[in-house]
Amino acid sequence: MTVGAIVVGSCINGCVNTPPPAQPKLTAVTFYGQRVCNTFNTTGSQFQFICSPLPTTEFTGWRLTPLDRADIPPRNTKFGWNSTVNIRVQTPSLTSLEIAYVPNVFVRSILTQESQSEARARGVEPPLLEIGGFVQVAAADNGTAKDWVISTRVRQCDAISRLEIVNTSSGGGRSTPLSLVILRSPDEIGDCPFNPFPRWPGPPGPISLKPPPPPPPPPPTSAPQTFTFCERCPGFTQVVSVSECTEQQARITLGYIDPITGQAMGTGLFCHPTRISRRGQCR
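Note that the structure is predicted; figures quoted are calculated from it, not measured. (Residues numbered from 1 in each chain as written. Predicted model: local features only at pLDDT ≥ 70, side-chain atom pairs only at ≥ 80, totals over all residues. Heavy atoms only, no water.)

A. Just the overall build of the chain, in detail. Looking only at helices and strands, the chain features three helices and 18 strands. Out of the 283 residues belonging to the chain, those deemed buried represent 41%. Look at the contacts in the chain between residues 6 or more apart in sequence, and 65% of them connect residues 24 or more apart. Accessible surface, the chain as shown: approximately 15,100 Å² in total, 55% of it carbon and sulfur. (Helix = DSSP H or I, 4+ residues; strand = E, 2+ residues; numbered from the N terminus. Buried < 20%, exposed > 50% of the residue type's maximum accessible area, 1.4 Å probe, protein only. Contact = heavy atoms within 4.5 Å. Areas by Shrake-Rupley, 256 points an atom, 1.4 Å probe, with all protein chains shown as cover.)

B. Up close: the sheet that holds strand β10 (residues 112-115). If you walk across this open sheet you meet the five strands as β2-β7-β12-β11-β10, and the pairing is mixed. Either end of the sheet is taken by a strand with one partner, and the two such strands are β2 (25-30) and β10. Averaged over all adjacent pairs, the angle separating strand axes in this sheet is 30°, with direction ignored. (Pairing = 2+ DSSP bridges. Axes fitted to C-alpha atoms, helices over the stretch in contact; angles between N-to-C directions.)

C. Spotlight on the state of the cysteines. Scanning the model with the defined rule gives two disulfides in all. A sulfur-sulfur separation of 1.9 Å characterises the disulfide bridge that pairs C37 with C51. Taking the sign of the S-S torsion, about -105° here, the bridge from C37 to C51 comes out left-handed. Residue C37 is found in the loop between β3 (33-36) and β4 (38-42), and its partner C51 is found in the loop between β5 (45-49) and β6 (60-64); the two are separated by 14 residues along the sequence. (Disulfide = S-S within 2.5 Å.)

D. Fine view of the side chain of T246. Position of T246 relative to the elements: it lies in the loop between β17 (236-244) and α2 (247-253). Polar side-chain contacts of T246 include one of 3.1 Å to the backbone nitrogen of Q249. (Polar contact = N/O pair within 3.5 Å; in protein donor to acceptor, adjacent residues only side chain to side chain.)

E. Representation of the pairing of strand β12 (residues 145-153) in the model. Where burial is concerned, most of β12 is hidden: eight out of the nine residues are buried. Sheet topology note: the strand β7 (residues 84-92)/β12 ladder contains nine bridges and is antiparallel. Bridged to N86 within β12 is S151. Two strands pair when backbone bridges link them, and strand β11 (residues 134-141) and β12 are joined in this way by six bridges, in the antiparallel orientation. Across the sheet, the residue bridging to D141 is K146, located in β12. In textbook terms, the turn of a hairpin is the stretch between consecutive antiparallel strands, and for β11 and β12 this stretch comprises three residues, one of which, G143, has a positive phi near 95°.

F. Broad picture of the nonpolar core. Grouped together as the largest cluster of nonpolar side chains are 23 residues, with contacts concentrated most on V85, I87, V89, I99, I150, L163 and I165. Contributing elements (two or more residues each) for this core: β2, β6, β7, β8 (96-104), β11, β12, β13 (160-168) and β14 (178-183). Not counting the four nearest positions on each side in its chain, V89 is found in contact with K25, L26, T27, L97, K146, D147, W148, I150, I165 and L178. Counting residues in each nonpolar core, the second largest holds nine residues, with V36, F49, F59 and L183 among its members. (Core = buried A, V, L, I, M, F, W, Y, C linked by side-chain atoms within 4.5 Å.)

The following block contains the structure:
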């Protein structure tokens, strides 16, 4: 057995816990249909919604109805599918958005943003929501808050279309996603050409989709201290020390856990690091 020691220096001048960027707030959804409250079932999936007043950061659902635009009063004035959705969100000033389409439990596709004003000047409709696709975006910043309009269209055969909207900062920070889902009833689903990508829910059988839990509050600011870990890796064992404010930050610095999800990664997966109080405990 080989036992080594590594010391990592960090947090020399004290620690300040920087909070993540503020989660985007949903302020309105403009479309032809209705907001979904309580339970909604479609194509083998069940959803539960808490209908908090807008603006909100809660997981929300919105039902497109009817399927055909010709059935929207006044009748026979429009042709095609009822598909256009305009999503309005608000963030602090001087922020950016990441907009992702989540077509099933295995795929999260970041969408390319194009200028809504330029697209309208060319007479271009909002693009269809699809993997590797686009959304039209407009934004107005008043120096305190930034209001966004995200325009897209949902295909007639998509019963469930989920979006995640993340506030990103120039320093690399990411907010908790704002999640919403556009729904169609089972009796209001049209036909589409063949699509190689599976839609929600992915695996067969009903699932219940609930909003993700809120992130844990940041730990209180504290003085730096030394955290020592025993890394029991395949074929060798070593002692590693780092100076940080909290054990969680120490594990992030050493690459044991993902700073965004808090899940084990890298060395944290393969070496099973354990915090110890003295070197003799690492055998």
